[in-house]
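Read off the chains here:
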Amino acid sequence: MNKKTVRSNSLTMTHNVSKNEKMKKKQKIKSFESIYEIKSHPKKFENYYSKVSMLCDDLPYDFRKKLRYLRESIGMTREKLEEKSYISYQTIKEIETNQKRGCSLETIIALCIGMNLPPEFSFDLIKMSGFYIESYDNEKSCLYCYILRNLYDCEIDDINQILQINNFDPLS
């Protein structure tokens, strides 16, 4: 009986440690420095790099798990991501929990913009989803690449406006 109690306590303690470690990870990154902050204060790149490096150490290799991990690591709820990307809470949940078979490239880009993900993470997430975009493929891909590389910290409304001005459908 003592062994069970000890074992049970050991499992509980291990569980609590894991839960605390998870909480630390989720609290590590609140946001990334914008491209404008880095340009005007080059020292801020150190902060940016340390955040990117922290996240890269623990990134899952599965698209759905990676999406959720990134969202949680920056402290964003599904509700908040819905508000910032115009992708519904239900769709986000279905993508993250593997209930949705596929999603469009535009949906993934909208989620990246909604989370203000730096290009490193956006392009990796897109690649993990099975899509591939290069700036020289076509005009639309070129614009998507430009947006992900240079305008990742803009609001979805601004991105959609840029797309519409260039005769493309909005992301969401």
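Being a predicted model, the structure only gives us computed values, none of them experimental. (Residues numbered from 1 in each chain as written. Predicted model: local features only at pLDDT ≥ 70, side-chain atom pairs only at ≥ 80, totals over all residues. Heavy atoms only, no water.)

Examining the pattern of salt bridges
If charged atoms from side chains of opposite charge come close, those side chains can pair. Scanning the entire structure with this criterion turns up 7 salt bridges. When the shortest N-O distance is used, the salt bridge between E96 and R71 registers 2.7 Å. Of this pair, E96 sits in helix α6 (residues 89–96) while R71 is found in helix α4 (residues 63–73), placing the two residues 25 residues apart along the sequence. The two residues E96 and R71 agree in class, both being buried. (Salt bridge = Lys/Arg side-chain N within 4 Å of Asp/Glu carboxyl O. Helix = DSSP H or I, 4+ residues; strand = E, 2+ residues; numbered from the N terminus. Buried < 20%, exposed > 50% of the residue type's maximum accessible area, 1.4 Å probe, protein only.)

Notes on the state of the cysteines
Within this structure, the stated rule accounts for 0 disulfides. Free of any disulfide, C145 has its nearest cysteine sulfur in C142, 7.0 Å distant. The buried category is assigned to C145, whose relative accessible area is 0%. (Disulfide = S-S within 2.5 Å.)

With respect to unusual backbone geometry
Positive phi outside glycine occurs at Y86, with the angle close to 65°. Even without being a glycine, N116 presents a positive backbone phi close to 55°. Within the secondary structure layout, N116 lies in the loop between α7 (105–114) and α8 (119–128).

Focus on α7
Residue pairs three or four apart in sequence face the same way in an α-helix, which turns once every 3.6 residues. Counted residue by residue, α7 has 9 buried out of 10 residues, so it is predominantly covered. Where α7 is buried, its residues meet α4, α5 (78–85), α6, α8, α9 (139–150) and α10 (156–165). (Contact = heavy atoms within 4.5 Å.)

Considerations on the nonpolar core
Formed by 39 residues in total, the largest nonpolar core has its most connected members in I109, I133, L148, I159, L163 and L171. Contributions of two or more residues to this core are made by α4, α6, α7, α8, α9 and α10. No other element matches α7, which puts 7 residues into this core. Residues within four places of I159 in sequence aside, it is in contact with I113, I147, L151, C154 and L171. (Core = buried A, V, L, I, M, F, W, Y, C linked by side-chain atoms within 4.5 Å.)

Some remarks on the side chain of E96
For E96, a relative accessible area of 8% translates into the label buried. Of the polar contacts made by the side chain of E96, one reaches the side chain of R78; its length is 2.7 Å. Excluding residues within four positions of it along the chain, E96 makes contact with R64, L67, R68, R71 and R78. (Polar contact = N/O pair within 3.5 Å; in protein donor to acceptor, adjacent residues only side chain to side chain.)

A closer look at the side chain of T107
The topology assignment puts T107 in helix α7. Note on T107: relative accessible area 13%, which makes it buried. Within the structure, the side chain of T107 is placed 3.0 Å from the side chain of S104, a separation counted as a polar contact. Ignoring anything within four residues of it in the chain, the contact list for T107 reads I87 and I95.

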